[in-house]
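Understanding the architecture of this molecule
Single-letter residue listing:
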Amino acid sequence: MVQSESDNTRRTYLLVDGENIDATLGMSVLGHRPNPDQRPRWDRITEFAQRTWSQPVTALFFLNATSGQLPMSFIQALLAMGYQPIPLSGSPDESVVDIGIQRTLEALGPRIGDVMLASHDGDFVPQVQRLATDGRRLAVLGFREFISARLAEIPGVTVYDLEDHIKAFTEPLPRVRVIPLESFDPTRYL
């Protein structure tokens, strides 16, 4: 890897596809738009990233701002938790968040650091595959059952479940998924 001239400290780059995580939570897990108390605790995700690889975290939260409006209370909350909000805009037919994350993954190529991508989206496979060839640690964060198989199967990528591994939620989610026997807790269903 080529070293960044501005910072020699190895770090974790946490890229959050906020649109994808929220849509998957709402449509696929809950069946309705998530209430604020049903959304992930974003600070837990940053803490998990720091704890997992024991290095500083640069947390980037990508938002679609094509409407021209910013959810200022959410932006302020992200800033307070150490995230850098990236509100992107473009034409209505552009997936601005996906394009922004793809460009960021490409820009990470020459930098020292590891990458955690919070998304289920297979659109990032080419960029993650390129990053997987240079020995850095890579992880995908999401709901395991909805993460693109092509993304999860890239050699060197570790998948962390937002609920099971990261404990990003305050209440259990109504998910139906394969449960490894060693982590089966029958009391959750009683």
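Above this text you will find the structure in question.
**Regarding the overall build of the protein**
Each helix and strand counted, the protein has six helices and six strands in total. Helices and strands appear in the protein in the N-to-C order β-α-α-β-α-β-α-β-α-β-α-β. Since a compact globule built from 190 residues should have a radius of gyration of about 16 Å, the 17 Å found for the protein is in line with a globular shape. Each principal axis of the C-alpha distribution contributes one length, and for the protein these read about 55 × 40 × 30 Å.

**Let's talk about the nonpolar core**
Membership of the largest hydrophobic core comes to 28 residues, with the highest contact counts inside it found for Ile45, Tyr83, Met116 and Leu141. Of all the elements in the fold, those that place two or more residues in this core are strand E1 (12-17), helix H1 (18-30), helix H2 (42-53), strand E2 (57-64), helix H3 (72-80), strand E4 (114-118) and strand E5 (138-142). Examining the composition of this core, we find that five residues originate from one element, H2, more than from any other. Those residues in contact with Leu141, other than ones at most four positions away along the chain, are Leu14, Ile21, Ile45, Phe48, Met116, Leu117, Ala118, Ser119, Ile147, Tyr160, Leu162 and Ile166. Within the second largest apolar cluster, 22 residues are counted, among which are Leu60, Ile101, Val115 and Leu151.

**Things to note about the sheet that holds E5**
Here six strands make up an open sheet; going across it, the order is E3-E2-E1-E4-E5-E6 and the pairing parallel. Unpaired on one side and paired on the other, strand E3 (83-88) and strand E6 (157-161) mark the two borders of the sheet. Recorded for the sheet is a direction-independent mean angle of 20 degrees between the axes of neighbouring strands.

**Here's the deal with the environment of Arg103**
Checked against the element boundaries, Arg103 lands in helix H4 (residues 96-107). Judged by its relative accessible area of 61%, Arg103 falls in the exposed class. For the pair Arg103 and Phe124, spaced 21 residues apart in sequence, the C-alpha to C-alpha distance is 9.9 Å.

**A short note on the packing of aromatic side chains**
Under the counting rule described, the total for this entry stands at five aromatic pairs. Both rings, one in Phe61 and one in Tyr83, keep their centres 5.9 Å apart while their planes meet at 85 degrees; by these two values the pair is edge-to-face. With a gap of 22 residues between them, Phe61 in strand E2 and Tyr83 in strand E3 connect regions that are remote in the sequence. For Phe61, a relative accessible area of 2% corresponds to the buried category. On the basis of relative accessibility, which here comes to 2%, the residue Tyr83 falls in the buried class. Through pairs of rings, three or more aromatic residues link up here, namely Trp42, Phe61, Phe74 and Tyr83.

**Some remarks on the pairing of E3**
Where E2 meets E3, six bridges bridge the pair, whose relative direction is parallel. Residue pairing in the sheet places Phe61 in a bridge with Pro85 of E3. Traced from E2 through H3 to E3, the parallel crossover comes out right-handed.

Reading the values: rules and limits
- Residues numbered from 1 in each chain as written.
- Predicted model: local features only at pLDDT ≥ 70, side-chain atom pairs only at ≥ 80, totals over all residues.
- Heavy atoms only, no water.
- Helix = DSSP H or I, 4+ residues; strand = E, 2+ residues; numbered from the N terminus.
- Rg over C-alpha atoms; globule rule 2.2 N^0.38 Å.
- Core = buried A, V, L, I, M, F, W, Y, C linked by side-chain atoms within 4.5 Å.
- Buried < 20%, exposed > 50% of the residue type's maximum accessible area, 1.4 Å probe, protein only.
- Contact = heavy atoms within 4.5 Å.
- Pairing = 2+ DSSP bridges.
- Axes fitted to C-alpha atoms, helices over the stretch in contact; angles between N-to-C directions.
- Phe/Tyr/Trp six-rings, centres within 6.5 Å; stacked < 30°, edge-to-face > 60°.
- Right-handed = clockwise from strand over helix to strand, strands pointing away.

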